[in-house]
There are 2 protein chains.
Amino acid sequence: MRVTEPTSLGNDLLRSAARLSRWASRHASFDVPFAQARLLALLDELGPSRVSTLAAADHSSQPSITTQLHRLEAAGWVERAVDPDDARASLVSLTPAGKDALEDVRRARVAVLAPALDGLDGPALVRVRMAIDVLDELLAAAAEPPSHPTRKDG
Amino acid sequence: MRVTEPTSLGNDLLRSAARLSRWASRHASFDVPFAQARLLALLDELGPSRVSTLAAADHSSQPSITTQLHRLEAAGWVERAVDPDDARASLVSLTPAGKDALEDVRRARVAVLAPALDGLDGPALVRVRMAIDVLDELLAAAAEPPSHPTRKDG
DNA sequence: TGGACATGCATAGATTATCTATGTAATTTG
DNA sequence: CAAATTACATAGATAATCTATGCATGTCCA
């Protein structure tokens, strides 16, 4: 039994993660578009941040963040302040309305998975938590600049 | 310790799955656009299928599938045959070129996670496989019409 | 057997999400 | 201080998706 054969493993993991994400984004009902919700969550995690910091944390381009921020700003969900240390940069932070919007999104996302999670017993919930940890660890490992590179290219 | 508290669990799971997916789609280098790759994989799994079957399996709308199929067809990766049982319907299937393209995508996706997976030992790989199973089970449970409803609304 | 309704797919039109390339203003450096 | 760098914005393109709707084929029944 080579169920853990690395070759299929990466493929299977990405496929399953993508499917779950796709299903949730289709069935969770909240008004906030997906990318904006993602950015709200990121801002909540990081606190007031620069545009470029958000882009790096989101693994997206700086112009993508700029565009989304304009929408969030128009909705009154974020506000900008000039970075006191650098007049080129701005510090973006959530407004109270932004936090409310984020809470709405979270409730909707919890609700969409609740039917599946509610039937689970303790051990099953532990398995879910472990799965989350695996995803996070893999992403951290993958996104991290390789610490002990094989230097197959200089 | 309520690390398995269901409320945060759904949220955390969706967030982690979405982040991993996003990261992979940004870093995996293959020419095939994401949605087309997804459809190729689905066709490979299901074999010759109707448009509406693909839409249901992909949890997407029928017009979305139609659009993607047009592109796949233009690329020579799928072909259509009229369903002998129903002249309205078509049966879509992968061409050999389509299977080749799918293999390329798979290789690229494996490669993007390989640096993170290669460093893992046996038990860690088992954990990854378990995480995949959790994702699949949750999606199946969530997408399934509830089999034993609590009938809190009638 | 023929009309009414249902079904399978295509098209139209709009929105969101994203990228690369480039421009502008502020900062740092030699 | 001029040149290079950095932080962000803008331009322009493409992909992915949805809802609404149109057209052809199938089914059902009086």
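Residues numbered from 1 in each chain as written. Chains lettered and ligands numbered in written order. Predicted model: local features only at pLDDT ≥ 70, side-chain atom pairs only at ≥ 80, totals over all residues. Heavy atoms only, no water.

- You'll find chain A entered in an unreviewed UniProt entry as DNA-binding MarR family transcriptional regulator, with Humibacillus xanthopallidus given as the organism.

1. Quick look at the pattern of salt bridges
Here comes step 1: If you walk through the whole model with that rule in mind, you get 26 salt bridges over all chains.
Here comes step 2: Across the pair Arg15 of chain A and Asp12 of chain A runs a salt bridge, and its minimum N-O distance is 3.8 Å. In this pair, Arg15 of chain A and Asp12 of chain A are both assigned in helix H1 (residues 6-27), three residues apart and thus about one turn of the helix distant.
Here comes step 3: For Asp12 of chain A, a relative accessible area of 16% gives the class buried.
Here comes step 4: Here Arg106 of chain A makes a salt bridge to Glu103 of chain A, at a shortest N to O gap of 3.4 Å. Of this pair, Arg106 of chain A and Glu103 of chain A both sit in helix H5 (residues 96-118), three residues apart, which is roughly one turn of the helix.
Here comes step 5: Accessibility expressed as a relative area gives 22% for Arg106 of chain A, which makes it partly exposed.
Here comes step 6: Through salt bridges with shared partners, one network takes in Asp12, Arg15 and Arg19 of chain A together with Glu45 and Arg129 of chain B. (Salt bridge = Lys/Arg side-chain N within 4 Å of Asp/Glu carboxyl O. Helix = DSSP H or I, 4+ residues; strand = E, 2+ residues; numbered from the N terminus. Buried < 20%, exposed > 50% of the residue type's maximum accessible area, 1.4 Å probe, protein only.)

2. Some thoughts on the packing of helix H2 (residues 34-46) of chain B against helix H4 (residues 62-74) of chain B
Residues and elements named next belong to chain B.
Here comes step 1: One way to put it is that H2 packs onto H4 with a least axis distance of 10 Å and a crossing angle of 90°. By the angle between their axes, H2 is roughly perpendicular relative to H4. Taking contact as the criterion, the partners of Ala35, Gln36, Leu39, Leu40 and Leu43 in H2 are, on H4, Ile65, Gln68, Leu69, Arg71 and Leu72.
Here comes step 2: Residue classes in the contact of H2 with H4 are distributed as seven nonpolar, two polar and one charged. (Axes fitted to C-alpha atoms, helices over the stretch in contact; angles between N-to-C directions. Parallel < 35°, antiparallel > 145°, perpendicular 65-115°, else oblique. Contact = heavy atoms within 4.5 Å. Nonpolar A, V, L, I, M, F, W, Y, C, P; charged D, E, K, R; others polar.)

3. Some remarks on the protein's contact with DNA strand D
Here comes step 1: Around DNA strand D, the structure places 28 residues, and the nearest of them are Gln62, Arg80 and Arg88 of chain A together with Ser61 and Ser64 of chain B.
Here comes step 2: Sugar plus phosphate, as a fraction of atoms of DNA strand D within 4 Å of the protein: 73%.
Here comes step 3: A distance of 2.7 Å is found between a base nitrogen of DNA strand D and a side-chain nitrogen or oxygen belonging to Gln62 of chain A.
Here comes step 4: For the surface near DNA strand D, the secondary-structure elements that each account for two or more residues are H1, helix H3 (51-58) and helix H4 (62-74) of chain A together with H2 and H4 of chain B.
Here comes step 5: Ranked by residues supplied to the surface near DNA strand D, first place goes to H4 of chain B with five residues.
Here comes step 6: Classifying every residue of the surface near DNA strand D gives eight nonpolar, eleven polar and nine charged. (Near = heavy atom within 4 Å. Polar contact = N/O pair within 3.5 Å; in protein donor to acceptor, adjacent residues only side chain to side chain.)

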